[in-house]
There are 4 protein chains.
Amino acid sequence: MKKQKQNKIAWNFSPRTDLAIEAREFAQQQKQNTEELDGVKVEIKNTDIYQITHVKILNETGSQTMGKPIGNYITIESELLKQNDITSHEQIMKTAAEHIAGLSKLSQKSTILVVGLGNWNITPDALGPKVIDKILVTRHLDGVLPEEIQKSVRSVAAISPGVMGITGIETVEIIQGVVEKLKPDLVIAIDALAARKFSRINSTIQMSDTGVAPGAGVGNKRMTLNEQTLGIPVIALGVPTVVDAATLINDTMDRMLEEMIAQTEQGSAFYEMLHNMDTDEKYKLIVDILNPYVGNMFVTPKEVDAVVERLANIIANAINIAIQPGITMEDINRFTY
Amino acid sequence: MKKQKQNKIAWNFSPRTDLAIEAREFAQQQKQNTEELDGVKVEIKNTDIYQITHVKILNETGSQTMGKPIGNYITIESELLKQNDITSHEQIMKTAAEHIAGLSKLSQKSTILVVGLGNWNITPDALGPKVIDKILVTRHLDGVLPEEIQKSVRSVAAISPGVMGITGIETVEIIQGVVEKLKPDLVIAIDALAARKFSRINSTIQMSDTGVAPGAGVGNKRMTLNEQTLGIPVIALGVPTVVDAATLINDTMDRMLEEMIAQTEQGSAFYEMLHNMDTDEKYKLIVDILNPYVGNMFVTPKEVDAVVERLANIIANAINIAIQPGITMEDINRFTY
Amino acid sequence: MKKQKQNKIAWNFSPRTDLAIEAREFAQQQKQNTEELDGVKVEIKNTDIYQITHVKILNETGSQTMGKPIGNYITIESELLKQNDITSHEQIMKTAAEHIAGLSKLSQKSTILVVGLGNWNITPDALGPKVIDKILVTRHLDGVLPEEIQKSVRSVAAISPGVMGITGIETVEIIQGVVEKLKPDLVIAIDALAARKFSRINSTIQMSDTGVAPGAGVGNKRMTLNEQTLGIPVIALGVPTVVDAATLINDTMDRMLEEMIAQTEQGSAFYEMLHNMDTDEKYKLIVDILNPYVGNMFVTPKEVDAVVERLANIIANAINIAIQPGITMEDINRFTY
Amino acid sequence: MKKQKQNKIAWNFSPRTDLAIEAREFAQQQKQNTEELDGVKVEIKNTDIYQITHVKILNETGSQTMGKPIGNYITIESELLKQNDITSHEQIMKTAAEHIAGLSKLSQKSTILVVGLGNWNITPDALGPKVIDKILVTRHLDGVLPEEIQKSVRSVAAISPGVMGITGIETVEIIQGVVEKLKPDLVIAIDALAARKFSRINSTIQMSDTGVAPGAGVGNKRMTLNEQTLGIPVIALGVPTVVDAATLINDTMDRMLEEMIAQTEQGSAFYEMLHNMDTDEKYKLIVDILNPYVGNMFVTPKEVDAVVERLANIIANAINIAIQPGITMEDINRFTY
């Protein structure tokens, strides 16, 4: 074991999560304390419907610890997202809309491009394309709408670029091409995410102003869509729909060992061993065992088809409300039909 | 009637068809003869599996008469396309591949962008996106494939841009943006088409070198994807999946009147009337009666869901064979998995 | 023409409609008056959201005239059904629930079997199966639910038997087999319907206590599910999702001829001819012209995929509210998840 | 640990697998040898396309050891099932057809009911319903087909009963009702299965003559469809499309511990501990940790949507060939359209 440690290659165990709240939990765990992390500020707010956690990564130290870019990560968590509870969903929509608007800093003249990442043929990865179908697009109505309405409507376009395995093109390249053509002021990108904890699947919405790497949820990470690559701000919205199989196995095993240590006489030897073990090596071992299938397997709940449809509706409406404050929800329903 | 004729606005009856073979039938009908049209050359070839019709529009005269741009229109017709007959489909695939290759004039170094037009949420309009899912894309494999294979593989990318009602963007704008980024040598565009005759639905493949106006099959025609708008040649492939309701009514009525004329004593008065009637006005009247629903209704066969899936497979494989002659069909199957 | 009339075979023109309100319109039209029909009683009620028409066929005379069995036919019509307008839909749900309850005459101990007719692979025919997915079934929870809840919950089962073309079995036979096994007190059957007027597509809900012939909407009529064939009362719910192509052509042509008569000097000869024409023969001629495709073609709106999903939700919830008055809509949402 | 062992409740670790070949591997592993098991006979045959394993459970001893009923389990394994390789698939179809025919013992007059188990809304569970869509049903054609063809065609019906969570009815009850009505001589039931090894997902077809418990693949096991419950023989066909998450974790952990034992100085203590550990307790611990989500999570490959479609085609054709030897594959294609 020691020998291995010395030869250790720089293979990082990142419990596969796209959620800042889980990255923070992991970072705190690593430090074996629950104090706050340097360069990271956290605010939590609870209502009877949801919990909102606002994680701010303030500087390079925070970014290093968290493994995520400097910026804001706002997470709404609610078990009610998994239920067919229209009243609660309307509350969550409105709250999400406020936070999207807060992150966006739009003027009345702003043009917005909404980008739905993911693959419409793989249910847990279809969130982005499904949201696009429900976005109130208006860019093509310029000159068509009555002037009075026109004044209070922002120009909105939307696109689902597909995934690199199907297009042969980096998603960022497609969006760069479209951005150069359309010259929007803001990109809002939606993607299905991977969470570490199964309990967060389909019950969590993350909004951030730091961009997004397409294919985070299902598949490999690619070039990031952000202000650097696109030249304009990028708001990212996501919902975790899958757990990475290797991460699930790793975490279950850890909790199992804890249970066993607590119960057995062999506990002490075990405990020592656990301490001597390197987290990265352990994870790498799991990945090796699962090979060559690991990149292709994911863990998802049975009802994923029905839930993704519902989540797409919630997120699309939150975006519609956030970027078209001049028109009511009823107008939106009338237009989007 | 005469009065109306004098006031006639320039509203053209075009029996809604995207097929050159049907445009030709209509033009001949109008001239009440079956001689060949000026500026149009036609070659027909029959096998026991399919009929191929090659319509060449040679000059401006032909283009005017046909209502279509100068160029080549090759149509494969086969009732077997509607059946689950693998052997015949392989024959049709190979023939289509030859004609696509013939229209394409590719060099070994050519880069190709395949564009799947249409809306993946409307079954009869989903042909384009479904083909894209089955195209062997290779552009992202540059540097990944073994050099030996790399040499014999053309760089291929593929995209489904969506429809303007969902994106708020003219499809041509999106493709222009992507073409500027990728600099391909050729675009191959696939779209669902509208036919005039129900018998041609799902049993006809049209290939042409004159470009394509997205949304021809379902919805309104938009800006055309062609060499003028994209700066590179455009091969268009399409299969008719719907009949326009107004066209179907118009044609059924015409055939009905013919029947009635043949049968009744009132035939002579009727016949005269038919002659005095203006085709355009008659069609406009139908459209008026069907309003405001006419743009939203289409006629399609019940089994359209199953058949579109099968046609997408045939067309995708025909394209794969045409643009990747260096690799066998088995290689393609292995890669596209 | 006269000769033909003498030889006339008993081929009935039924404008293909499953709606009692359209059958009534047609019967009145035939009589060329707008007085009420013998043996038929009609009540109409309007709100700002919907119009309800209650057609009662009182006796054999009414049944003959209408071409439908004696009983109640309640229709809710609302353009808002086509829009994504949650508030109006909740109103319509509640109203539909009241009428379903009124037709059902259930006791607290009643067991209900909900039957979703139609083919889940053909979008406009998938209404029934989609409703089934959203019905709150409870039969299997007997002994599982807390007793307090159990008391106020009726035993509900649900099934989508499929269509005869796929199963090779008359739907009635399957339901008879299941009814013999389960011994329910009531069947509620849901089916997609055919309307005569395109304006009624997706904007009309019909509820009746006279049973239903599966495959009315798309395909041929089959053996009827009713009290005679099943031995228990059958409530039928339906939404028209398609127009029969031959009916659409027939009706458009009629309106066109009217227009032409009004406009032309040949009007008088035409008018006479129209009078001499037999409605049945005219329709049969259309069917002949459309053959062999007529049974396979239907006219449907583009957005049918999205709308059927929404309508299934409205109807499933109306049924859930109607048959489970002991539990609130929130409970239902909680259970059905 | 010992204390626990004494208190051990009878909670059986069954690595969640529906494959007899995996049950046998597990049983041999438990015995820590590779000799053949008592009461179990195995024959293996290899071709360059597939491997066939015929497991015969001969008596009660074998049944106990394997945890499966006495009877025949024939498994075709081929990686080519995951590829779009038509030629190999035709080979596999024919081989599967032969074995289905062998297990079926049909006479010319036999009537067959094909039952597609599973939920058409959950992709990895939709195999059964998708097969049903492609079965050549003939029962309703009695009296319709030309007599010459009729003579060589067996009467075939097919049904997808749905899952208990949607119907509220035990699947066996529905099938009993239909069997009583139709009086078939044989039931062929198709279901998605769970495998233990991810490598077997979508690459294995199991055929058996021992019946099937619906919902094996996704969800809880229910009452079995077999000769006892239905009164007629039941042939079961299945393809594993998911791995149970708890089983995957358990197996990965076992292999990991083996690796760690081989590498560490603590190996001996570990090894001892592993020996002292009870398999059932370990698995139960995993299930406890994953609770309340364990019943709802499954592990599946990304491309499951595309592959299930293809597998449904292979299995449906294998059944069509097996039960309709009097007509050729071309006839079948012609009929099933």
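Residues numbered from 1 in each chain as written. Chains lettered and ligands numbered in written order. Predicted model: local features only at pLDDT ≥ 70, side-chain atom pairs only at ≥ 80, totals over all residues. Heavy atoms only, no water.

**Brief notes about the environment of D142 of chain C**
Residues and elements named next belong to chain C.
And step 1. For D142, the location among the structural elements is in the loop between α5 (127-134) and α6 (147-151).
And step 2. Look at D142 and you get exposed, because its relative accessible area is 58%.
And step 3. Taking the C-alpha atoms as reference points, D142 and R154, separated by twelve residues in sequence, lie 9.8 Å from one another. (Helix = DSSP H or I, 4+ residues; strand = E, 2+ residues; numbered from the N terminus. Buried < 20%, exposed > 50% of the residue type's maximum accessible area, 1.4 Å probe, protein only.)

**A word on the pairing of strand β9 (residues 297-301) of chain A**
And step 1. A large share of β9 of chain A lies buried, amounting to five of its five residues.
And step 2. Across the two faces of β9 of chain A the burial is the same, with M297, V299 and P301 of chain A and F298 and T300 of chain A all buried.
And step 3. Across two bridges, the pairing between strand β8 (residues 234-244) of chain A and β9 of chain A is antiparallel. Residue pairing in the sheet places D244 of chain A in a bridge with F298 of chain A of β9 of chain A.
And step 4. Examined bridge by bridge, β9 of chain A and strand β9 (residues 297-301) of chain D share five bridges and lie antiparallel to one another. (Pairing = 2+ DSSP bridges.)

**Remarks on the packing of helix α4 (residues 86-104) of chain A against helix α13 (residues 304-323) of chain A**
All names here are of chain A.
And step 1. One can describe the packing of α4 onto α13 by two numbers: an axis separation of 8 Å at closest approach and a directional angle of 45°. With respect to α13, the axis of α4 lies oblique. In terms of crossing hand, the pair formed by α4 and α13 is right-handed. Where α4 approaches α13, its residues H89, M93, A96, A97, I100 and A101 are matched on the opposing element by R310, I314, N317, A318, I319, I321 and A322.
And step 2. Tallied by class, residues from the contact of α4 with α13 come to ten nonpolar, two polar and one charged. (Axes fitted to C-alpha atoms, helices over the stretch in contact; angles between N-to-C directions. Parallel < 35°, antiparallel > 145°, perpendicular 65-115°, else oblique. Left-handed = near helix turned anticlockwise from the far one by under 90°. Contact = heavy atoms within 4.5 Å. Nonpolar A, V, L, I, M, F, W, Y, C, P; charged D, E, K, R; others polar.)

**Regarding the pairing of strand β2 (residues 51-57) of chain C**
Residue and element names in this part refer to chain C.
And step 1. Along β2, five of the seven residues are buried, which leaves the element largely enclosed by surrounding structure.
And step 2. Judged from the seven bridges that link them, strand β1 (residues 40-46) and β2 form a sheet pairing that is antiparallel. In the sheet register, I44 faces β2, and the bridge partner there is T53.
And step 3. Following β1, the chain reverses through four residues before pairing antiparallel with β2.

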